[in-house]
Amino acid sequence: MMVEVLNGATIFPPPIWMMRQAGRYLPEYRAMRQEAGSFLDLCYNPDFAVEVTLQPIRRFGFDASILFSDILVVPHALGRDLRFEEGRGPLMTPMALEDIDRLDPSGFHEHLAPVYETVSRLRSALPSETTLIGFCGAPWTLATYMIAGHGTPDQAPARLFSHRHPEAFSRLLALLADHSAEYLCRQIEAGADVVQIFDSWAGVLDEISFERWCVEPVARIVRQIRLRHPNVPIIGFPKGAGSLYSTYRERTGVTGLGLDWSVPLSQAVDLQRDGAVQGNLDPMRLVAGGAALQEGVSLILDRLRHGPHVFNLGHGITPQTPIEHVQAMVDQVRSGRGS
């Protein structure tokens, strides 16, 4: 059903899944994370990765299952160090200008072989009607972590680097785009039905930089995927893009648009005229539950029911979300209950 919607079909009630649906809000995930020993062991061990990917499907029967991994496995596979610390998230050695030409793609696919195995095993384990989503991080978002070595509130280190060294930064993003495209193609060949490109930090860029560092690299990825897999839907999620969402779809060529929770539904309806949209419930409404959750779900269902729509959150589910609230959301969406 989700593939049909991404290709332009209007289906109501809409298909539903959640970003980060395999994660810390689930007790069975937390138990598996402890057993794995580290977050990267969870990502790179197909036994663990398959299990945590399937956990939310067993609980909620979502219409789509997204591969459990992390966007930073791509720079890791290019030779950058990577570790995750509790309470701090991903940490890398900050990248200097001279480090760009030292990136080593020689063992890229060997490094990521466990991810491809996970995708293949998931496609065999999932119900045939459940869409399997592969994913990667967009080059700009990957570069923000590589330059700063960690997440920052406004990604000032990467923005400054891009202004001071535009040619070198362009080379970095081109390399990331080419290897991300190859990574997604390998996921498709292993069994992914749909792929999503996460640009979590698109919203910090000015208009010129948005075109150069967000749109152009993603368009480069999309072109390469289309050459090999022309019929596979591609979702782009440029979080925080605001009024530039329509520009993003037009110039990247993505099939569907993931919308963050700040996008007005009037704008979402306009964007729907050119293709499928995905989203965009505020994750805090899901944490709150009750009337706040019902109101948010109802409004989205009412406003977006007349065009192609995949119900989702406007960003990833947060760890403190009660499981019963997720079930209530799924039940409301499946019933089609608007206002």
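The model shown is predicted, which means the values in this text are computed figures rather than measured ones. (Residues numbered from 1 in each chain as written. Predicted model: local features only at pLDDT ≥ 70, side-chain atom pairs only at ≥ 80, totals over all residues. Heavy atoms only, no water.)

Some thoughts on the pairing of strand 8 (residues 277-281)
On a regular strand, each side chain points to the face opposite its neighbour's, so the side chains alternate between the two faces of the sheet. A large share of strand 8 lies buried, amounting to 5 of its 5 residues. Note on the crossover from strand 7 (residues 256-258) through helix 12 (residues 265-272) to strand 8: the handedness is right-handed. Bridge count between strand 8 and strand 9 (residues 309-313): 5 bridges; the pairing is parallel. If you follow Gly279 over to strand 9, its bridge partner there is Phe311. (Buried < 20%, exposed > 50% of the residue type's maximum accessible area, 1.4 Å probe, protein only. Helix = DSSP H or I, 4+ residues; strand = E, 2+ residues; numbered from the N terminus. Right-handed = clockwise from strand over helix to strand, strands pointing away. Pairing = 2+ DSSP bridges.)

Comments concerning the sheet that holds strand 1 (residues 64-66)
The sheet built from 7 strands is open, its strands ordered 1-4-5-6-7-8-9 with parallel pairing. One side of each edge strand has no neighbouring strand; the edge strands of this open sheet are strand 1 and strand 9. On average, each strand axis in the sheet is tilted by 25° relative to the strand beside it, whichever way the strands run. Bridging between strand 6 (residues 234-238) and strand 7 involves 2 bridges; their strand directions are parallel. Along strand 7, the bridge assignment pairs Ile235 with Gly256. Contacts from helix 10 (residues 207-228) reach strand 5 (194-199) and strand 6 within the one sheet, and its direction differs from that of strand 5 by about 165°. (Axes fitted to C-alpha atoms, helices over the stretch in contact; angles between N-to-C directions. Contact = heavy atoms within 4.5 Å.)

Section: the state of the cysteines
Within this structure, the stated rule accounts for 0 disulfides. Unpaired in this structure, Cys43 has its nearest cysteine sulfur neighbour in Cys136, at a distance of 15 Å. The exposure class assigned to Cys43 is buried, which follows from its relative accessible area of 1%. Among the cysteines around Cys185, which has no disulfide bond, Cys136 carries the closest sulfur, lying 10 Å off. (Disulfide = S-S within 2.5 Å.)

What to know about the packing of helix 12 against helix 14 (residues 290-304)
The geometry of helix 12 relative to helix 14 is characterised by a closest axis approach of 10 Å and an angle of 35° between their N-to-C directions. Once helix 12 is placed against helix 14, the crossing between them reads as right-handed. Between helix 12 and helix 14, the contacting residues are Leu265, Ser266, Ala268, Val269 and Gln272 on the first element and Leu299, Ile300, Arg303 and Leu304 on the second. Of the residues assigned to the contact of helix 12 with helix 14, the class counts are 6 nonpolar, 2 polar and 1 charged. (Left-handed = near helix turned anticlockwise from the far one by under 90°. Nonpolar A, V, L, I, M, F, W, Y, C, P; charged D, E, K, R; others polar.)

Here's the deal with the nonpolar core
If you look at the biggest cluster of nonpolar residues, it comprises 119 residues, and the most contacted ones within it are Leu172 and Met329. Ranked by the residues each element gives to this core, the list is headed by helix 9 (residues 166-190), at 12 residues. Other than its neighbours up to four places away in sequence, Met329 contacts Ile16, Met18, Leu281, Leu286, Leu293, Val297, Phe311 and Leu313. (Core = buried A, V, L, I, M, F, W, Y, C linked by side-chain atoms within 4.5 Å.)

Examining the environment of Leu72
Here Leu72 lies in the loop between strand 1 and helix 5 (73-77). Placed 64 residues apart in sequence, Leu72 and Cys136 show a C-alpha to C-alpha distance of 8.4 Å. When neighbours within four sequence positions are excluded, Leu72 is seen to be in contact with Leu82, Pro90, Met92, Leu142 and Tyr145.

Remarks on the side chain of His309
Summarising the element assignment, His309 is placed in strand 9. At 2.8 Å, the side chain of His309 forms a polar contact with the backbone oxygen of Gly279. (Polar contact = N/O pair within 3.5 Å; in protein donor to acceptor, adjacent residues only side chain to side chain.)

What to know about the pattern of salt bridges
In this structure the tally under the stated criterion is 18 salt bridges. Where Asp63 meets Arg334, a salt bridge forms, and the shortest distance between an N and an O atom there is 3.3 Å. One end of the pair, Asp63, is in the loop between helix 4 (46-60) and strand 1; the other, Arg334, is in helix 15 (residues 323-335), and 271 residues separate them in sequence. Several salt bridges share partner residues, and in doing so they unite Glu182, Arg186, Glu189 and Arg228 into one network. (Salt bridge = Lys/Arg side-chain N within 4 Å of Asp/Glu carboxyl O.)

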